[in-house]
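# Chain and residue survey
Below, each chain spelled out in residue letters.
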Amino acid sequence: MRKIYIAGHRGMVGGAILRQLQERRTQGEALELITRRQSELELTDQAAVRDFMQSERPDEVILAAAKVGGIHANNAYPAEFIYENLMIECNVIHQAFAAGVRRLLQLGSSCIYPREAPQPMQEDALLTGVLEATNEPYAVAKIAGIKLCESYNRQHGVDYRSVMPTNLYGPGDNFHPQNSHVLPALIRRFHEAKRDGLNEVVIWGSGKPRREFLHVDDMAKASLFVLDLPQEVYRANTQPMLSHINVGYGQDVSIAELAELVAKVTGYEGRITQDPTKPDGTMRKLMDVSRLARMGWTAQIGLEQGIRETYAWFLDQSDTDLREK
């Protein structure tokens with residue numbers, strides 16, 4: 001019986017991982033799945049995490065918990081983003097080790113790479129240049145998580161791994177009008193524009209930056225694929241202090257193209273214009289996913305299909321006044 005603790009199971013990625021593991025369990029795999037809501041276990045509280053790990057003694061840990069947000073949130077709350085993410089990583093990783101956990105998977109972010117990293121971004125671009133200023137505190141925390149895993153591996157001989165996803169979307173996403181990422185923000189904005197009969201939707205920036213998007217269900221499958229790799233396979237495809245693995249779709253689109261696609265899916269037929277006074281962020285962020293492909297995993301859910309599934313989930317979760325009459 002594998003006893004697995006999923007930290008962050010209420011979030012988009014953690015929830016998708018939990019669903020995948022629950023499906024495995026219904027198919028007969030011997031799994032004991034441990035979860036805690038934030039109200040039950042505050043991961044920034046060192047003593048609470050220590051007591052939890054010592055009591056539960058999981059065999060494996062999946063660290064999908066994080067404070068996340070889009071450009072606006074990162075700009076508005078930089079202290080919260082660096083502090084909370086550092087505390088979560090330090091507490092969960094160290095206390096997992098102290099409780100005898102031999103295998104752990106930590107989820108990071110593509111923002112760990114320098115702003116001017118060659119495209120597509122390979123794993124060895126880490127720490128080779130200046131980070132994007134708009135989310136530097138968050139990125140520094142995610143880099144620290146990678147180095148925590150690698151350092152515990154080197155000093156203590158454990159098997160702690162890191163995966164770095166590109167921009168994720170899907171069921172469970174955050175659709176807050178100010179604090180969400182670009183894709184859910186666009187889905188909500190175009191839905192409301194259609195509902196309210198607006199003639200124009202204005203998107204932030206020039207529309208020229210290019211972004212890669214991966215459906216959260218693909219990310220969940222990739223995470224479990226990496227977690228389940230035999231240790232010799234994982235080590236043969238990584239380096240002791242460059243051990244993280246990129247996870248992405250392998251293709252990107254411009255923000256303007258993305259807006260057109262979201263308009264198509266939501267049925268919005270008005271004008272789409274740009275506001276160049278708003279920040280663009282990094283002009284391109286495409287992951288090199290060749291390492292993971294060589295190991296045997298590639299994404300399966302196309303962008304339009306994924307947006308349609310996400311929009312359907314959004315409608316199902318929305319209050320009555322957000323639905324089309």
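A brief look at the structure comes next. Please read these numbers as outputs of a predicted model, since none were measured by experiment.

## Some points on the nonpolar core
Ile 17, Leu 21, Ile 62, Leu 107, Val 163, Met 219 and Val 247 are the most contacted members of the largest nonpolar core, which has 32 residues in total. Elements with a contribution of two residues or more to this core: strand 1 (2-7), helix 1 (12-26), strand 2 (31-34), strand 4 (103-107), helix 7 (216-228), strand 10 (245-247) and helix 10 (290-295). If you tally residues by element for this core, the top one is helix 7, at 7 residues. Not counting the four nearest positions on each side in its chain, Leu 21 is found in contact with Ile 4, Ile 6, Leu 31, Leu 33, Ile 62 and Leu 224. If you look at the next biggest cluster of nonpolar residues, it comprises 23 residues, including Tyr 5, Leu 43, Ile 88 and Leu 104.

## What about the state of the cysteines?
Going through the model one piece at a time under the given rule, you end up with 0 disulfides. With no disulfide partner, Cys 90 has as its closest neighbouring cysteine sulfur the one in Cys 149, 11 Å distant. Look at Cys 149 and you get buried, because its relative accessible area is 0%.

## Overview of the sheet that holds strand 10
If you trace the 6 strands from one edge of the open sheet to the other, you get 2-1-3-4-5-10, paired in parallel fashion. Among the strands making up the open sheet, the edge pair consists of strand 2 and strand 10. Adjacent strand axes in the sheet meet at a mean angle of 20° when their direction is disregarded. By the bridge criterion, 4 bridges tie strand 3 (residues 60-63) to strand 4 in an arrangement that is parallel. Note on strand 4: the bridge partner recorded for Leu 63 is Gln 106. Lying on the sheet, helix 2 (residues 46-56) is in contact with strand 1, strand 2 and strand 3; it crosses strand 1 at an angle near 160°.

## A short note on the packing of helix 9 (residues 255-266) against helix 11 (residues 303-317)
The contact between helix 9 and helix 11 brings their axes to 10 Å, and the two run at 50°. Classified by the angle their axes make, helix 9 and helix 11 are oblique. Considering how the two elements wind past one another, helix 9 and helix 11 form a crossing that is right-handed. When helix 9 is examined against helix 11, the residues Leu 258, Leu 261, Val 262, Lys 264, Val 265 and Thr 266 are found in contact with a partner set consisting of Leu 303, Glu 304, Ile 307, Arg 308 and Tyr 311. Residue classes in the contact of helix 9 with helix 11 are distributed as 7 nonpolar, 1 polar and 3 charged.

## Details of the sheet that holds strand 11 (residues 253-254)
Taken in spatial order, the 3 strands make up an open sheet running 11-8-13, and their pairing is mixed. Edge positions in the open sheet fall to strand 11 and strand 13 (284-285), since each of these has one partner strand only. Sheet topology note: the strand 8 (residues 210-211)/strand 11 ladder contains 2 bridges and is antiparallel. Looking at strand 11, one finds that Arg 210 is bridged to Ser 254.

## Some words on the packing of aromatic side chains
Tallied over the entire structure, the rule returns 7 aromatic pairs. Ring-pair connections join several aromatic residues into one group, and the members of that group are Phe 175, Tyr 311, Trp 313 and Phe 314. Just above the ring of Phe 81 sits the side chain of Lys 67; from NZ or CZ to the centre is 5.3 Å. Stacked on the ring of Tyr 234, the Lys or Arg Arg 161 has its end atom at 4.5 Å from the ring centre.

## Notes on the pairing of strand 5 (residues 159-165)
Burial analysis of strand 5 places 7 of its 7 residues in the buried class, which makes it a mostly covered element. Alternating residues of strand 5 divide into Asp 159, Arg 161, Val 163 and Pro 165 and Tyr 160, Ser 162 and Met 164, and every residue in both groups is buried. With 5 bridges connecting them, strand 4 and strand 5 associate as parallel partners. Each residue of the ladder has a partner; that of Leu 105, found in strand 5, is Arg 161. With helix 5 (residues 136-156) bridging strand 4 and the parallel strand 5, this β-α-β connection has right-handed handedness. Alignment of strand 5 against strand 10, held across 3 bridges, turns out to be parallel. By the bridge assignment, Pro 165 is partnered in strand 10 with Val 247.

What counts, and where the lines are drawn
Per chain, residues are indexed from 1 in the order of the written sequence. Residue-level local features of this predicted model are given only where pLDDT is at least 70; pairs of side-chain atoms are given and counted only at 80 or more, and the full residue set underlies all totals for whole chains, interfaces and linings. As a convention, hydrogens and water are excluded, and side-chain values are obtained from all of the structure's heavy atoms. Nine residue types can take part in a nonpolar core, namely buried Ala, Val, Leu, Ile, Met, Phe, Trp, Tyr and Cys, and a core is a set of them joined through side-chain atoms within 4.5 Å. Exposure is judged per residue with a 1.4 Å probe applied to protein chains only, and the accessible area is read against the type maximum: over 50% gives exposed, under 20% gives buried, and values in between give partly exposed. Strands are runs of DSSP state E lasting at least 2 residues, helices are runs of H or I lasting at least 4, and numbering of each runs from the N terminus. By the convention used here, residues are in contact when the closest approach between their heavy atoms is within 4.5 Å. Any two cysteine sulfur atoms within 2.5 Å of one another count as a disulfide. Any two strands between which DSSP finds at least two bridges are classified as paired. Here an angle of 0 to 180 degrees is reported between the N-to-C directions of two axes, which are lines fitted to C-alpha atoms, with helices fitted over the stretch in contact. These descriptions rest on fixed angle ranges, namely under 35 degrees for roughly parallel, over 145 for roughly antiparallel, 65 to 115 for roughly perpendicular, and the rest for oblique. Left-handed is the label given to a crossing in which the near helix is rotated counterclockwise from the far helix by less than a right angle, and right-handed is the label when the rotation is clockwise. As a working rule, the residues Ala, Val, Leu, Ile, Met, Phe, Trp, Tyr, Cys and Pro are called nonpolar, Asp, Glu, Lys and Arg charged, and the rest polar, with Gly in that last group. Side-chain rings of Phe, Tyr and Trp (the six-membered ring for Trp) are treated as a pair once their centres are within 6.5 Å; stacked means planes under 30 degrees apart, edge-to-face means over 60, and tilted covers the remaining angles. Criterion for a charge above a ring: Arg CZ or Lys NZ at most 6 Å from the ring centre, at most 35 degrees from the ring normal. Handedness of a crossover is defined as follows: orient the strands so they point away from the viewer, and if the path from the first strand over the helix to the second runs clockwise, the crossover is right-handed.

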